[in-house]
Amino acid sequence: MKMRNPPVNSLSLEFLTELLISLEKLENDKTFRGIIITSDCPGIFSAGLDLLEMYGRDPAHCAEYWKAVQELWLRVYLSNLVVIGAINGISPAGGCLLSLSCDYRVLANNPKYAIGLNETLLGIIAPFWFKDVLVNTIGHRAAERALQLGFLFPPSDALQVGIVDQVVPEDQVQSTARSVMAQWLAIPDHARQLTKNLVRKPTADRLLQQRDADIQNFVRFISRDSIQKSLHVYLEKLKQKKG
Ligand SMILES: CC/C=C\C/C=C/CCC/C=C/CC(=O)SCCNC(=O)CCNC(=O)[C@H](O)C(C)(C)COP(=O)(O)OP(=O)(O)OC[C@H]1O[C@@H](n2cnc3c(N)ncnc32)[C@H](O)[C@@H]1OP(=O)(O)O
């Protein structure tokens, strides 16, 4: 699955909906046993959640958006398919969450391709289920530092901390992802799927048990004047970077 929402594969409501529909189709087609998620935007896996869906929007829109974010995460995280991330670009925040929700992550060895949950740098906070997935992946201590400081790990650090499973030369990302897929597909589906569910369900259940409350928390938080100001400043910084 090649993500194509130029220029930066930001996860807008429309793009999330497209991804959800595509994933659902693949899940329902029994001829598919695995997917490789990668990007069609040069140098960018995904810029994460679309800031314009959270800035200057009314509460109803924010609620609809957050529901779609939850939905995509649950679908990828709990997918019965083998999901491999072929991460061929930078992957901050929501882009990192998408990567972390794969079963295996292969990152291209380019110092620009940083990955991490950088929410604090925007003046916002990673929701508890983003945090849970990071803690599950890199452990409590590494996650508490990474989350508070908004670390974006370059490939060598990402491998060392375990946020990705493999770092390979850029031209080998897709072929490595395909070899990894072959290894994973050698395992009988039912055994692998039940095991995946056993490991991941408790984390997903934490959100499933409080989805509506999570949406309300998000809407309350994102609607605060101080948070809207932080998003404004961050968006202006992105604009000014262009010069
Ligand atoms: C009590 C609490 C309860 C609940 C919790 C509440 C919480 C809130 C949690 C919200 C979670 C959010 C997670 C996220 O994913 S936030 C998004 C984080 N993303 C980033 O920080 C990345 C920002 N982008 C960049 O750093 C660069 O764009 C990038 C390195 C990806 C690419 O750089 P490049 O130089 O190639 O392109 P740019 O010129 O910067 O960008 C091109 C245009 O794209 C726009 N852009 C970039 N990123 C985004 C984005 N994430 N959303 C929307 N738009 C984006 C950028 O502004 C440029 O636009 P134009 O100027 O061309 O109009």
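Cut-offs and rules
Residues numbered from 1 in each chain as written. Predicted model: local features only at pLDDT ≥ 70, side-chain atom pairs only at ≥ 80, totals over all residues. UniProt positions renumbered as here; feature names shortened; annotations may be inferred. Helix = DSSP H or I, 4+ residues; strand = E, 2+ residues; numbered from the N terminus. Rg over C-alpha atoms; globule rule 2.2 N^0.38 Å. Buried ≥ 20, exposed ≤ 12 C-beta atoms within 10 Å, placed from the backbone. Pairing = 2+ DSSP bridges. Contact = placed C-beta atoms within 7 Å. Axes fitted to C-alpha atoms, helices over the stretch in contact; angles between N-to-C directions. Near = placed C-beta within 6 Å. Right-handed = clockwise from strand over helix to strand, strands pointing away. Core = buried A, V, L, I, M, F, W, Y, C linked by C-beta atoms within 7 Å.

Taking an unreviewed UniProt entry as the reference, the chain is identified by name as Enoyl-CoA delta isomerase 1, mitochondrial belonging to Ursus americanus. The annotation that UniProt attaches to the chain under Subcellular location (unreviewed entry) is "Mitochondrion matrix".

Trainee: How would you sum up the overall build of the chain? Please name residues and give values.
Mentor: Helix and strand content of the chain: 10 helices and eight strands. Here the chain has a C-alpha radius of gyration of 17 Å; the compact-globule value for 243 residues is 18 Å, and the two agree. With respect to the principal axes defined by its C-alpha atoms, the chain has extents near 50 × 40 × 35 Å. For the chain, with 243 residues in total, the buried portion stands at 40%.

Trainee: Please set out the sheet that holds strand 4 (residues 82-87) residue by residue, giving values where relevant.
Mentor: Taken together, the five strands give an open sheet; going across it, the order is 1-2-4-6-8, and neighbouring strands pair in parallel fashion. In the strand order of this sheet, the two ends are held by strand 1 (2-3) and strand 8 (166-168), each with one partner. Bridge analysis of strand 2 (residues 34-39) against strand 4 gives four bridges, and the strand direction is parallel. Counterpart to Ile-35 in the pairing with strand 4 is Val-83. Contacting strand 2, strand 4, strand 6 (104-108) and strand 8, helix 7 (residues 173-185) crosses the sheet at an angle of about 165 degrees to strand 4.

Trainee: Outline the site of the ligand, listing residues and values.
Mentor: Taken together, 28 residues are adjacent to the ligand, and Ala-47, Gly-48, Leu-49, Ala-93 and Gly-94 come closest. When residues of the shell around the ligand are traced back to their parent elements, those giving at least two are strand 5 (89-92), helix 9 (211-223) and helix 10 (225-241). The element that contributes the greatest number of residues to the shell around the ligand is helix 9, accounting for four residues.

Trainee: Lay out the pairing of strand 2 with the relevant residues and their values.
Mentor: The buried count for strand 2 comes to six of six residues, which makes it a mostly enclosed element. As defined by bridge partners, strand 1 adjoins strand 2 across two bridges and the pair is classed as parallel. Bridging from a neighbouring strand, Lys-2 pairs with Thr-38 of strand 2. At this point the chain moves from strand 1, through helix 1 (residues 13-28), to the parallel strand 2, and the crossover so formed is right-handed.

Trainee: How would you summarise the nonpolar core if you had to cite specific residues and measurements?
Mentor: Grouped together as the largest cluster of nonpolar side chains are 66 residues, with contacts concentrated most on Ile-84, Ile-87, Leu-107, Ile-115 and Leu-134. Sorting elements by how many residues they give to this core places helix 2 (residues 59-77) first, with nine residues. Leaving out residues up to four positions away in the same chain, Ile-115 has contacts with Ile-87, Ser-91, Cys-96, Ser-99, Leu-107, Leu-152, Phe-153, Ala-158, Ile-163 and Val-164.

Trainee: Let's hear about the sheet that holds strand 5: which residues, and what values?
Mentor: Spatially, the three strands line up as an open sheet ordered 3-5-7, and their pairing is parallel. In this open sheet, the two edge strands, each paired with only one partner strand, are strand 3 (43-44) and strand 7 (115-116). Pairing geometry for strand 5 and strand 7, over two bridges, is parallel. Paired with Pro-92 across the bridge in strand 7 is Gly-116.

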